[in-house]
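Survey of secondary and tertiary structure
Take a look at the letters that make up each chain.
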Amino acid sequence: MLPLVVVIPIGIAFLISFLGKYYKKLSDILATVACISLAILSFLIFYELRTMNYEPLVYKIGGWLPSIGISMVVDGLTAVMLIVVNVIALISVLFSVSYMEKYTDKWKYYALFMMMLTSMNGLIVTGDIFNMYVFLELGTISSCVLIAFGTEQDELEASFKYMVLGTVASTFILLGIAILYSYYSTLNMSDISLAVSKGSSTIVITFLTLLFVVGFGLKAAIVPFHAWLPDAHPSAPAPISAMLSGVLIKSLGVYALVRILFNVLGVVGSNILIILGVISMVVGGFLAIYQKDLKRMLAYSTVSQVGYIVFAFGLGTPLGIFAGLFHLINHAFAKFLLFLNAGAVVYATDERNMENLGGLREKMPVTAATSLVGSMSISGVPPFGGFWSKLFIILAAVQAKEFTAAVIAILISIITLSYYLKLQKQTFYGKLSERWQDVKEVPLTMCIAMIIPAVICAGLGLLLLPQIKIVFLDPAVGVLANGLEYGSIVLQNIK
Amino acid sequence: MIEEPKTGMNIIVKTVTRLTTGLILLFGIYIVFHGHILSEGGFAGGVVIALSFIHLMLAYGREIVLKKMSEKVSELLGNIGAVIFIIIAVLGLFTGGYLFFDFFGKGKPFNLFSAGLMPLYNIAISLIVGAGLFTVFVTLVFFRSEKK
């Protein structure tokens, strides 16, 4: 069952590029069916893991034993990430069905979308560090093309910028992998982890940490490596901006970073992550206030919120890791929802400058209501999920005696609230101008695609209930908090 | 006196191209088929195959090559290669229970027909890479920068 999370999307991607040109409707159907089956599959994998009492499931590709062949590993963290990615992809496809009608060559979009999904699923389940690099490249290239999908001048420029910076990031990561291979003579993550746990020089580990922080930091867009994101995210079509901000930078950036640092190199918590996280929070937050472009503001907000996540992981305590992971899930759904809202506004009005909008609440009630839920969740207003995760981040910071950072986190959350209130006021509240008298609410499928994540955002606080937390989040936190024990646990479970 | 040709390069280049391009194509195919026994493979072979067509295009001009191999055909070939690759990989899942499982006999080492499914994967990869590279080249030839 496990390899299907990679085989289904890549197979459908090529099938769509093969047949999509001749049967226009087929690409819609194929993509939707594939995403539904992937979402169900991710829950089934989680269920199987649970019946195995959270012992990692190891799959040998081609029947070769790991360290000779490539392996796929599912543990608590992988299962949670798979569910988040595939559920968001499903909603995104639902939104695309109507939204992408205004572009030509919709089937090419679906083929690339499926390729991007392949890269994220593959990167999450793989247990081989070079395989991870290959999926990382696949994700970068497919998202580059998707950013340039409109082929306007801005979009091409943003895509080119992302491609150049993405190549720089890949070079750092590849250099890190090469050094790892030269020291430990293996590319299997659990093997490397075991070798590192038997003793290794601190200088090598520190150097590798720096390489991976720069490489994956660029993919995760933490300051000072964030320059590509505010251009790239607004340029892409709305469902893709939502996927990029919602899950791509988290799986390609944050997930890969913490997996390698914590489980492979044994660096559980590091001051570099704390410092970069705090800088990202502050810089992203302040830059977001001054933005007039709706999508650009959301992009800067992503930089700021990823700062929170990286900061919480950097603390390295179990509470910090828990808070980081919880905020990752909350932010994924909330930012996904907000980009869909922005897409709906652009779909209805063809205008992204917030100063020209206003009063759209009367004409677009569903968009306005769901946007309010998303904004409040990210700003940290109770009872939405975002409030709880920010609370836990601040508690974790205080527990780890990082008082200054805790105060900064509180202040930046006030700033976050201020720019989201600005967004709400300028876009949905206030007086409706003459220009927007004929604006209509978006089609039904797009409304449904916005309502589902809004409901999830409102209900994510329920993950904190002890019965759900033990099942869903605690095993994932356990994997990261165990650090280098990852290697021996995985190697024991090879059957 | 030899007249300047209307399309493509002059007669010396054209003659040399006519003589060599078939050999280059043949060499590409050789590289693909010996991928599992020599230090060659589907990727390298695919690149050489694409180069033989690009070579022809440089000497004779775009239209003549596109008559033999249009960009639509090359796109289709690339897709067929990818679909073949995935089908072979998934067949392993059904026969041996593992993705990429080698259900063919291994054969005698260093023979042309050996190494199980490896030659088939090489052929699929050569289709993807060759067609992909050719399509990229044709696309670059077609589009021009915006005039200011």
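The structure contained in this document is the topic of the report that follows. (Residues numbered from 1 in each chain as written. Chains lettered and ligands numbered in written order. Predicted model: local features only at pLDDT ≥ 70, side-chain atom pairs only at ≥ 80, totals over all residues. Heavy atoms only, no water.)

**Quick notes on the overall build of chain B**
A tally of regular secondary structure across chain B gives 5 helices and 0 strands. The order of helices and strands in chain B, counted from the N terminus, is α-α-α-α-α. Taking 2.2 N^0.38 as the reference for a compact globule, 148 residues should give roughly 15 Å; the C-alpha atoms of chain B span a radius of gyration of 19 Å, well beyond that estimate. Dimensions of chain B, computed from the C-alpha atoms along their principal axes, are close to 65 × 40 × 25 Å. Counting all 148 residues of chain B, 36% fall into the buried class. Long-range contacts, defined here as pairs at least 24 residues apart, represent 62% of the contacts in chain B between residues at least 6 apart. (Helix = DSSP H or I, 4+ residues; strand = E, 2+ residues; numbered from the N terminus. Rg over C-alpha atoms; globule rule 2.2 N^0.38 Å. Buried < 20%, exposed > 50% of the residue type's maximum accessible area, 1.4 Å probe, protein only. Contact = heavy atoms within 4.5 Å.)

**Quick word on the interface of chain A and chain B**
Each side of the interface is counted separately: chain A has 15 residues, and chain B has 15 residues. Here chain A and chain B share 1 salt bridge between them. A salt bridge links B:E75 to A:K21; the shortest N-O distance between them is 3.6 Å. Viewed at the interface, chain B and chain A are joined by 3 residue pairs in polar contact (both at pLDDT 80 or more). (Salt bridge = Lys/Arg side-chain N within 4 Å of Asp/Glu carboxyl O. Polar contact = N/O pair within 3.5 Å; in protein donor to acceptor, adjacent residues only side chain to side chain.)

**Description of the nonpolar core**
Ranked by internal contacts, the top residues of the largest apolar core, which has 202 residues, are A:M120, A:F212, A:L265, A:F311, A:F313 and A:L360. In this structure A:F313 touches A:V254, A:V258, A:F262, A:G269, A:G320, A:I321, A:G324, A:L325, A:L328 and A:L480, once residues within four positions along its chain are discounted. Counting 13 residues, the second largest nonpolar core, distinct from the first, contains B:I54, B:M57, B:Y60 and B:M69. (Core = buried A, V, L, I, M, F, W, Y, C linked by side-chain atoms within 4.5 Å.)

**A word on the pattern of salt bridges**
Residue and element names in this part refer to chain A. One pass over the structure, following the stated rule, counts 12 salt bridges over all chains. Notably, a salt bridge pairs R296 with D231, separated by 3.1 Å at the nearest N-O pair. You can see R296 sitting in helix α12 (residues 294-315) and its partner D231 sitting in helix α9 (residues 229-235), a full 65 residues away along the chain. Put simply, K25, D28, E101 and K106 are held in one network by salt bridges that share partners.

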